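Observations on the three-dimensional arrangement
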Amino acid sequence: MLDIAYDHEQGLLTKATHTHHEKELLLSVAGGDEHAFRRLFIAHHQQLAVHIYRITNSAELAEEVVQDVFLKIWMTRETLQNVEDFKAYLFVISKNHALNCLKKLAKERVKIKKLEESSVDILNVEHDNGMYYNLLDEAIDHLPPQQQKVYLLSRHNRLKYAEIAEQLKLSRETVKKYLQIATINITDYVRTHLDGFTVIFAAIFYFKR
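Quick caveat, the model's predicted, so the values are computed rather than measured. (Residues numbered from 1 in each chain as written. Predicted model: local features only at pLDDT ≥ 70, side-chain atom pairs only at ≥ 80, totals over all residues. Heavy atoms only, no water.)

Some thoughts on the overall build of the protein
This is how it is decided: Comment: elements are numbered from the N terminus, with helices defined as DSSP H or I runs of at least four residues and strands as E runs of at least two. Relative accessibility thresholds used throughout: buried, under 20% of the residue-type maximum; exposed, over 50%; partly exposed, between the two (1.4 Å probe, protein chains only). Contact criterion: two residues are considered in contact whenever any of their non-hydrogen atoms come within 4.5 Å of each other.
Within the protein one finds eight helices and zero strands. Going from the N terminus to the C terminus, the protein shows its helices and strands as α-α-α-α-α-α-α-α. When the 209 residues of the protein are sorted by exposure, 35% land in the buried category. Of the contacts formed within the protein by residues at least 6 apart in sequence, a portion of 70% connects residues at least 24 apart.

Printed below as a string of structure tokens:
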């Protein structure tokens, strides 16, 4: 009985010591200590990534959320001095951010679907195709380098997600994300610059699945 009481007391003492050390760490981060921030990140990022993966079912998105959350923590580090339970605080804000990211992805998928559903084959369009193709080239030139590479490999080289991912050393999910973003950007660019055009040429943004 005495051993149980002793073990319980030691457990409480260890927990109190850990809480005290973490509070000191948070105060150091709040004061702008980058070394303390790195220690905080190392202590929590792996467990946090697992937690977010269970919500998103995406290793890549989980890593992105973790990075975003810790960046936000650093940018608002002064508020850490008021945090009593950092683990609970971390899990709440990361869950909220993960859910927001999922909502954003869902909206992007809906937008892509609408573009595809409202599209027509460009070969059947009786408009100035020369002007259109010039704007298409401009739109592609305006894409960020990685998006541009992925788009051209998909559209011009007719490579599938897995083939592009292997060639560019990216994950298949990243390739898919870049293609989706490129589709939206190119479509918006062309639609904005083609006065009088009401047709969305999504057929040229064909994705291999």
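Here the narrative resumes.
Overview of the packing of aromatic side chains
Each aromatic ring pair is specified by the distance between its two centres and by the angle formed by the two planes. Going by this rule: Only Phe, Tyr and Trp rings take part, Trp by its six-membered ring, and two of them pair if their centres are within 6.5 Å. Stacked means planes under 30 degrees apart, edge-to-face means over 60, and tilted covers everything else.
Taken as a whole and assessed by the stated rule, the structure comprises four aromatic pairs. Between Phe37 and Trp74, the ring centres sit 5.0 Å apart and the planes meet at 50 degrees, which makes this aromatic pair tilted. Taken together, the residues Phe37 in helix α2 (residues 34-56) and Trp74 in helix α3 (residues 59-75) connect sequence positions 37 residues apart. Neither residue differs from the other here; Phe37 and Trp74 are each classed as buried. A ring pair is formed by Phe86 and Tyr89, whose centres lie 6.2 Å apart and whose planes are at 40 degrees; its orientation type is tilted. Within this pair, Phe86 and its partner Tyr89 are both found in helix α4 (residues 86-117), separated by three residues, close to a single helical turn. For Phe86, a relative accessible area of 0% puts it in the buried group. In this structure an aromatic cluster arises from ring pairing among Phe37, Phe41, Phe70 and Trp74.

Observations concerning the pattern of salt bridges
Keep this limit in mind: What makes a salt bridge here is a side-chain nitrogen of Lys or Arg within 4 Å of a carboxyl oxygen of Asp or Glu, nothing more.
Scanning the model with the defined rule gives two salt bridges in all. Salt-bridge contacts for Glu84 lead to Lys23; the nearest nitrogen and oxygen are separated by 3.9 Å. With Glu84 in the loop between α3 and α4 and Lys23 in helix α1 (residues 2-30), the pair connects residues that are 61 residues apart, well separated along the chain. A residue is classified by how much of its surface remains accessible, and Glu84, at 64% relative accessible area, is exposed. Exposure remark for Lys23: the relative accessible area of 22% places this residue in the partly exposed category.

A look at the nonpolar core
Selection criterion: Within this scheme, the nonpolar core is defined by two criteria: the residues are buried Ala, Val, Leu, Ile, Met, Phe, Trp, Tyr or Cys, and they are joined through side-chain atoms within 4.5 Å.
Grouped together as the largest cluster of nonpolar side chains are 27 residues, with contacts concentrated most on Ile73, Leu80, Phe86 and Leu90. Here this core takes eight residues from α3, the largest share from any one element. In contact with Phe86, not counting residues within four places along its chain, are Glu22, Leu26, Leu40, His44, Ile73 and Leu80. Judged by nonpolar contacts, the second largest core, of ten residues, contains Ala139, Ile140, Tyr189 and Val190.

Examining the packing of helix α6 (residues 145-155) against helix α8 (residues 172-193)
For clarity, the cut-off: Think of each axis as a best-fit line through the C-alpha atoms, taken over the contacting stretch in the case of a helix, with angles from 0 to 180 degrees between the N-to-C directions. Here the word oblique covers every angle except those under 35 degrees (roughly parallel), over 145 (roughly antiparallel) and from 65 to 115 (roughly perpendicular).
Interhelical geometry of α6 versus α8 gives an angle of 95 degrees and a closest axis separation of 9 Å. Taken together, the axis directions place α6 and α8 in an arrangement best described as roughly perpendicular. Side by side, α6 and α8 meet where Gln146, Gln147, Val150, Tyr151 and Ser154 of the first sit next to Val175, Tyr178, Leu179, Ile181, Ala182, Asn185 and Ile186 of the second.

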